[in-house]
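If you want the building blocks of each chain, they are given just below.
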Amino acid sequence: MFRALMIAGLALFLPGACALGYSVFQGPSSWMTDAHTFWGTPISLFVFWIGLAHAGTLLSAVFLALDIRLDRRTALIAELSTLVSLAIAAVFPLMHLGVIENFYMVAPLLDARGNIANVRSPLVWDFCCIAVYAVLSLLFFATHLKARSYPALDMFRKPMAWLLFPLVLWVHTVVSLDFAATFVPEWRGAFFPVYFIAGAIFSGLALVNLLLCTEGYRVRLLERLQLICSWILCAIWIWDYMLKGSFCTSAFVFAGVLPQFRMVSAIRENKWGRVAISLSILLGLFLERQFLVSPEFGSPASSSLGWVDWGLLAFSAGAFVLLFWGIQYSLKRFMEVDGSYFGEVDGSDMAEVEEAELRDSPVVYGVEKSKKGFYVHPWSSEEYYVLRLPLLVGFAVTIAFMFWAIERLPFENVEFSLAHVVPLLYPLIALVAVIVLYARAYFVQKVFALHRLEKIVAAALLVLAGACAGTFYAGGSSEGSADARKSASEFGDLDLVGAAWNARCATCHGTDGKFNEKFVREFYPVPQKLDLQRVDSLGVDSLVNVVLNGRGNMNPYAGRLTYDEARALVNYMRSLAVRDSAVAASAAGKQEVANDSTP
Amino acid sequence: MGMDRREFIKSCSLVAMMGLLFGCRKVSLEALAAEPSLGQFEDEVKLAMSLSKKHLDLVRVPMPGMLDIPGASSVNRFGMAIDLDLCNGCGKCILACNVENNVPLVPAEDAGRGRFMHWVEMRGGAPLMCAHCGKAPCERVCPTGAANHTPDGLSAMMYKRCTGSRFCGANCPVQARKFNFNDARKLGLARQFNKEVPLRDKGVMEKCSLCLHRLQDDRLKFKRKVPACPADKGASLVCAA
């Protein structure tokens, strides 16, 4: 089985990787693009895979939080599929970019020039939220695995689930804002978050059901949920059609009509019937995303799906198969079934084991618990006590961040006000809360221990996170060298000021006061030349003002230079211009002499 | 496989030799193609006008509202007006814009789909370009801040800051943004008529800049004039605008 899956995965992955390589080389013109939105298959694949990535955790975390028993194997499958889908989803926005090497500019990190990502853009919210989500779902999965050797860790899974439950909804809402916050008529609508979340859960259920089929058992509850989700999506599609007149027939057939055949017992009881239904749902939802991303899909203005598009789809499917079963194989000893099954496993001898277990088990779960008067008040529940302090710290940090962000201008044209960071608030709370939760568990309660390798990885991750926070707050290094700083304070000496100029100004304005070629290429419009005439026409005072307060693309240096230093730099700049004009004059003189001497 | 060690080494070194020879060629792989002629640009404008998009004839253009950006100038606000009573839709402005801003040609395949790079387009027989909206939707969604506003009202692009996410293109209500799908220089489709405007790289968005370079030049001229004759201030301001 494992070998067959690997071969199938490779058969999909290798041609897909060729398509991926070709499209990275060729750029966005290689795949189907829409003349209006310029978007295409990578974005629809991103939405598709991120939906799958959210659904796995949603299933496992929500069921856990609501006390619905899902056996360890099913939960682990759901969580692992989440992580793998997330890794695949990360590929597509990256390759979608026109200039892939500039991807880091989307991260809200201040650079040395004072440029920060545009925090008003849904893409930046997306980036941050998904990054937080990836970290937390990785932790959730790791906790589940680690709980085998440290059973006390199981105590932390439910509080984690309670943190992840809103986070998943939040993150997928932010993904839908990529569309809903725009001007495109097909994408506008307040129902988009609900629509996206419903679609994500639906596709995730289909994927988990498909994976369960390969494991050789089924969970009826998940199949029933899948059927219900198909009704929800059909309702949304019909509503959307009546509202805007856009309708994707193929998606409706594959993901709306065909899943209804689950109601036929002959198909439902057949393993291949279930596989076919799950596959048809996944295909239908991919087509639906394609239709959503490219509103002009099918019109003459946009090309039709070509080999690259199908290649990208094959790449993602192949990568999923390889990664999922590869990881599952290598983690086999952690994922062994330990005999606790969910209520409706059947199709194999496991059903009997499970029945026996249910009979003997004194613990009552979920709906039955509340039925029998076991209702626990939320404020006295165990999770509340575990989460109380971490959540408090999370809220405190977030409120501090909010106060810091109010009407802040990190970059001349980018406002950093509260309204623009609202989408990041819950992810921030969850991130801080989880860090506090695990730090307390490790250092204070000493619930678990880490291997040496794990310690190194954790320390590296923390250092990385600290570096990100620092870059977010203060930007990359824009301090000159020690020599330059010294010279700036002793600005009397023109040579030392020259060193300061070289450290601070020359990156753009050039060491000789003319342009740095790089600057000219990086900024458009090209800044004006600092020749003598212009420097004199502006006057020293106004130039000092520009240095301190910035103008256009010139950054303000008020916090980094004193008035005297700025003045010294302007004088130095003028001296450069004088030297330059003298050189130009002598060259012109020579030219004249040459002209005079020729006749 | 009947290959002994000697034969294996021989074939390996042959392959290595071929690679070396390939690397020693005089022609560089990225040789730039010849520049296109002006006639090609004219032909493309004619083609673009014949292929005008009917469904885009009537688009709602947002009124240029108040500038809502930090540091907005209260004195200057640039814009451009076209007198549609006088315009006969000849399309020469498209060519003039192409030459002024070094707008590249597109390959035949893109042209067939109506995907031109022209910053000015004919919509319903009238020229239309970026409206430089007051609250520009494209700037709102640009993740990197490459699309930003100048204090005097121009919607500007910083090409080197652009990652080509194309979000701005999706969110432009008048579809005035153009994406560089091709490396026009490598394909021999670009020509730098105007040295003041850089050629754009593959993978970035571009659009009408309202001839920002000219505005800058005029400003500089105006600045130089001031000390000479302060009385002329108003007149030259009009000139510069």
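Residues numbered from 1 in each chain as written. Chains lettered and ligands numbered in written order. Predicted model: local features only at pLDDT ≥ 70, side-chain atom pairs only at ≥ 80, totals over all residues.

**Considerations on the overall build of chain B**
The condition that has to hold: Helix and strand labels come from DSSP, where a helix needs a run of H or I of at least four residues and a strand needs a run of E of at least two; each type is numbered from the N terminus. Partly exposed residues are those falling between the two cut-offs: more than 12 but fewer than 20 other C-beta atoms within 10 Å of their own, whereas 20 or more means buried and 12 or fewer means exposed, with C-beta atoms placed from the backbone. Residue pairs qualify as contacts under a 7 Å threshold applied to their C-beta atoms, which are placed from the backbone.
Along chain B, the regular secondary structure elements total eight helices and six strands. Beginning at the N terminus, the succession of helices and strands in chain B can be written as α-α-α-α-β-β-α-β-β-α-β-β-α-α. Out of the 241 residues belonging to chain B, those deemed buried represent 36%. A fraction of 70% describes how many contacts in chain B between residues 6 or more apart in sequence connect residues 24 or more apart.

**Overview of the overall build of chain A**
Each helix and strand in chain A was counted, giving 25 helices and two strands. Taken across its 599 residues, chain A has 40% of its residues classed as buried. The contacts of chain A with a sequence gap of at least 6 include a subset with a gap of at least 24, amounting to 73%.

**So, the environment of A:Val132**
All names here are of chain A. Counting through the fold element by element, Val132 comes out in helix 4 (residues 122–146). Exposure remark for Val132: the 21 C-beta atoms within 10 Å place this residue in the buried category. Spatially, the C-alpha atoms of Val132 and Met95 are 21 Å apart, while their sequence positions differ by 37 residues. Other than its neighbours up to four places away in sequence, Val132 contacts Pro427, Ala430 and Leu431.

**Section: the environment of A:Leu322**
Residues and elements named next belong to chain A. Mapped onto the secondary structure, Leu322 falls in helix 11 (residues 307–330). Given 18 C-beta atoms within a 10 Å radius, Leu322 is considered partly exposed. As for Leu322 and Val119, which are separated by 203 residues in sequence, their C-alpha atoms are 36 Å apart. If we skip the residues at most four places from it in the chain, Leu322 touches Met6, Gly9, Leu10 and Phe13.

**So, the packing of helix 2 (residues 41–65) of chain A against helix 6 (residues 192–215) of chain A**
Residue and element names in this part refer to chain A. Threshold: To get an axis, fit a line to the C-alpha atoms, keeping to the stretch in contact for a helix; angles then go from 0 to 180 degrees between the N-to-C directions. Oblique is the label for any angle not under 35 degrees, not over 145, and not in the 65 to 115 range, which are roughly parallel, roughly antiparallel and roughly perpendicular in turn. Only Asp, Glu, Lys and Arg are considered charged in this grouping, and only Ala, Val, Leu, Ile, Met, Phe, Trp, Tyr, Cys and Pro are considered nonpolar; every other residue, Gly among them, is considered polar.
At a minimum axis separation of 7 Å, helix 2 and helix 6 run at an interaxial angle of 75 degrees. Relative to helix 6, the element helix 2 lies roughly perpendicular. Counting all contacts with helix 2, which are made through Phe48, Gly51, Leu52, His54, Ala55, Gly56, Leu58 and Leu59, the residues of helix 6 involved are Gly199, Ala200, Ile201, Ser203, Gly204, Leu205, Leu207 and Val208. Its residues assigned to classes, the contact of helix 2 with helix 6 comprises 10 nonpolar, six polar and no charged.

**A look at unusual backbone geometry**
All names here are of chain B. With phi around 50 degrees, Gln175 is a residue other than glycine that occupies positive phi space. Within the secondary structure, Gln175 sits in the loop between helix 6 (167–171) and strand 5 (178–179). Phi is positive for Leu210, close to 60 degrees, though the residue is something other than glycine. Turning to its location among the elements, Leu210 is positioned in the loop between strand 6 (205–206) and helix 7 (212–228).

**Regarding the packing of helix 4 of chain A against helix 17 (residues 425–444) of chain A**
Residue and element names in this part refer to chain A. Definition in use: Crossings are assigned a handedness: left-handed for a near helix turned anticlockwise from the far helix by less than a right angle, right-handed for a clockwise turn.
Between helix 4 and helix 17, whose axes approach to 10 Å, the crossing angle comes to 30 degrees. Comparing the axis directions of helix 4 and helix 17 gives the class roughly parallel. Crossing angle aside, the handedness with which helix 4 passes helix 17 is left-handed. In contact with Cys128, Cys129, Val132, Leu136 and Leu139 of helix 4, helix 17 contributes Pro427, Ala430, Leu431 and Val434. Residues that form the contact of helix 4 with helix 17 fall into these classes: nine nonpolar, no polar and no charged.

**So, the environment of A:Thr398**
Residues and elements named next belong to chain A. Topologically, Thr398 is positioned in helix 15 (residues 382–405). As a C-alpha pair, Thr398 and Pro193 span 205 residues in sequence and 23 Å in three-dimensional space. Apart from residues no more than four positions distant in its own chain, Thr398 is found in contact with Leu425, Leu428 and Ile429.

**A word on the domain arrangement of chain B**
All names here are of chain B. Worth spelling out the cut-off: Domain delimitation in this document rests on an assignment produced automatically or drawn from a domain database.
In terms of domain boundaries, chain B breaks down into domain 1 (38–209) and domain 2 (211–241). Listed as interface residues are seven residues of domain 1 and, on the opposing side, five residues of domain 2. When grouped by side-chain class, the residues that make up the side of domain 1 that touches domain 2 number four nonpolar, one polar and two charged.

**Here's the deal with the confidence of the model for chain B**
Residue and element names in this part refer to chain B. To be explicit about the condition: Along the chain, pLDDT gives the predictor's confidence residue by residue, from 0 to 100.
Scored by pLDDT, chain B comes out at a mean of 80, with 79% of its residues at no less than 70. Predicted confidence in chain B is weakest over helix 8 (residues 233–240), with a mean pLDDT of 41, and strongest over helix 3 (residues 92–101), with 93. Counting contacts from residues 228–241, a segment whose pLDDT is below 50, to residues more than four positions away or on other chains yields 10 contacts. If you check the scores for this complex, the pTM reads 0.77 and the ipTM reads 0.75.

**Description of the nonpolar core**
Generally speaking, soluble globular proteins have nonpolar side chains that are buried together. All names here are of chain A. Convention followed: Here a nonpolar core is just a set of buried residues of the types Ala, Val, Leu, Ile, Met, Phe, Trp, Tyr and Cys, joined wherever their C-beta atoms sit within 7 Å.
Among the nonpolar cores identified, the biggest contains 167 residues, and Trp49, Cys129, Leu167, Val171, Val208, Ala430 and Val434 are the most heavily contacted of them. The biggest single contributor to this core is helix 2, with 15 residues. Setting aside chain neighbours within four positions, we find Trp49 in contact with Ser85, Ile88, Ala89 and Ser316. Membership of the second largest hydrophobic core comes to 19 residues, among which are Ala500, Val547, Tyr557 and Ala566.

**Re the confidence of the model for chain A**
Per-residue pLDDT for chain A averages 80, and the proportion of residues at 70 or more is 81%. Ignoring residues within four places in sequence, the model shows residues 339–348 of chain A, a span with pLDDT below 50, making 34 contacts including any to other chains.

**What to know about helix 24 (residues 540–549) of chain A**
Residues and elements named next belong to chain A. Let me state the cut-off plainly: In this description, one arc is meant: the one made by directions from the helix axis to the C-beta atoms.
Listing the buried residues of helix 24 in full gives Leu543, Val544 and Val547. When helix 24 is viewed along its axis, its buried side chains cluster within an angular range of 105 degrees and face the same direction. Exposed side of helix 24, more than 90 degrees from the buried face: Asp541 and Ser542 are the residues found there.

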